[in-house]
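Descriptive analysis of the structure
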Amino acid sequence: MTDKPSRPSVEEAEAAVRTLIRWAGDDPDREGLLETPARVTRSYRELFHGYEEDPREYLKRTFEEVHGYDELVVLSNIPVVSFCEHHMLPFQGRAHVGYLPSNRVVGISKLARVVGGFARRLQIQEKLTAEIAGAIQDILQPRGVGVVIRSEHSCMTMRGVNTPGTWLTTSTLLGAVRDDSRTRHEFLELAR
Ligand SMILES: [Zn+2]
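Report follows, based on the coordinates. Because the structure is a prediction, the values reported are computed rather than measured.

This paragraph deals with the packing of helix 3 (residues 108-119) against helix 4 (residues 125-140). Close contact between helix 3 and helix 4 brings their axes to 10 Å; oriented N to C, the two are set at 135°. For the element pair helix 3 / helix 4, the angle class is oblique. The two elements helix 3 and helix 4 meet at a crossing, and its hand is right-handed. The segment helix 3 lies against helix 4, with Leu-111, Val-114, Val-115, Phe-118 and Ala-119 engaging Leu-128, Glu-131, Ile-132, Ala-135 and Ile-136. In terms of residue class, the contact of helix 3 with helix 4 is built from nine nonpolar, no polar and one charged.

Right, let's get into the side chain of His-96. Within the fold, His-96 resides in strand 3 (residues 90-100). Within the local environment of His-96, its side chain forms a polar contact with the backbone nitrogen of Asn-77, the two atoms lying 3.0 Å apart. For His-96, the side chain forms a polar contact with the main-chain oxygen of Ala-191, separated by 3.4 Å. Beyond its immediate chain neighbours, meaning those up to four positions away, His-96 contacts Leu-75, Ser-76, Asn-77, Gly-146, Val-147, Val-148, Arg-150, Phe-187, Ala-191 and Arg-192.

So, on to the coordination of the zinc ion. All of the protein donors around the zinc ion are Cys-84 (SG), His-87 (ND1) and Cys-155 (SG); their distances to the metal are 2.1 to 2.3 Å. Donor residues for the zinc ion sit on one chain with the sequence pattern C-x2-H-x67-C. Within this pair, whereas Cys-84 is found in strand 2 (residues 73-84), its partner Cys-155 is found in helix 5 (residues 154-157), the two being separated by 71 residues in sequence. On the accessibility criterion, Cys-155 (11% relative accessible area) is buried.

Leu-59, Val-97, Tyr-99, Leu-128, Ile-132 and Ile-136 are the most contacted members of the largest nonpolar core, which totals 29 residues. Those elements giving two or more residues to this core turn out to be strand 2, strand 3, strand 4 (105-106), helix 3, helix 4 and strand 6 (144-153). Tallying contributions element by element places helix 4 first for this core, with seven residues. Residue contacts for Ile-136: discarding those within four places in its chain leaves Leu-59, Val-97, Tyr-99, Leu-111, Gln-141, Pro-142 and Val-145. By size, the runner-up hydrophobic cluster in this structure holds seven residues, among which are Leu-100, Val-148, Val-177 and Phe-187.

Basis of the calculations
Residues numbered from 1 in each chain as written. Predicted model: local features only at pLDDT ≥ 70, side-chain atom pairs only at ≥ 80, totals over all residues. Heavy atoms only, no water. Axes fitted to C-alpha atoms, helices over the stretch in contact; angles between N-to-C directions. Helix = DSSP H or I, 4+ residues; strand = E, 2+ residues; numbered from the N terminus. Parallel < 35°, antiparallel > 145°, perpendicular 65-115°, else oblique. Left-handed = near helix turned anticlockwise from the far one by under 90°. Contact = heavy atoms within 4.5 Å. Nonpolar A, V, L, I, M, F, W, Y, C, P; charged D, E, K, R; others polar. Polar contact = N/O pair within 3.5 Å; in protein donor to acceptor, adjacent residues only side chain to side chain. Donors = N, O, S within 2.8 Å, 3.2 Å for Na, K, Ca; no water. Buried < 20%, exposed > 50% of the residue type's maximum accessible area, 1.4 Å probe, protein only. Core = buried A, V, L, I, M, F, W, Y, C linked by side-chain atoms within 4.5 Å.

This is the structure we're talking about:
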C-alpha cells in the first residue's frame with residue numbers, strides 16, 4: 001500500500017487512550033484502568049488489520065478449470081465488522097458477494113478475506129461496498145459483480161438519533177449483474 005501516514009509510537013498511542021479515559025470522566029490511574037491503554041492499543045492492531053493488507057492480492061490466485069461453469073457464484077452472510085469513519089464506532093452486519101465468472105473463479109474463502117480487508121479500516125458503508133465490488137471487477141474481470149451489505153451502525157443505535165433496530169442497506173451492481181434483469185434478479189434473491 002502506498003502513502004501510509006507514519007505511525008505514532010506505542011507510548012504515544014497509550015497516552016492518547018489515557019487522555020480519552022480522562023475525557024470520558026474517569027481516572028486512568030485507578031487500578032481497573034491501569035492496563036487499559038495497553039489493551040486498547042493492542043486491540044487496535046487487530047480491529048484495523050485492513051491497513052496491513054492489500055485485499056486485491058487475495059483475488060490474484062484463480063482457478064481456470066471450471067468445467068464450463070458460467071452461472072452466478074454467491075457467498076452470502078459474510079460477517080462484516082467495520083468502523084464508521086465519522087464517529088469511530090463499529091458498524092456490524094452481513095455482506096453478500098457474487099460474481100458471474102468469465103473463465104476463472106477464485107477460492108470462496110478469498111471473497112470473505114476481501115470483505116475483511118476493506119472492512120477493517122475506518123470506512124463508510126457506501127465506499128466499502130463499492131471498493132469490494134471494484135476490486136473483484138478489476139482483478140477477476142468477471143461478466144458481472146454484485147455486493148450487498150446490510151448493517152447496523154452503532155453511531156446511530158447507541159447515540160445521536162438512538163434508533164436501535166435500523167439497518168442500512170447498500171449495493172453495488174456491475175456488468176451483467178446490473179444490466180441483465182434475470183441475473184440481477186437472481187443475485188438479489190440470493191443476497192437477501
Ligand atoms: Zn457514524
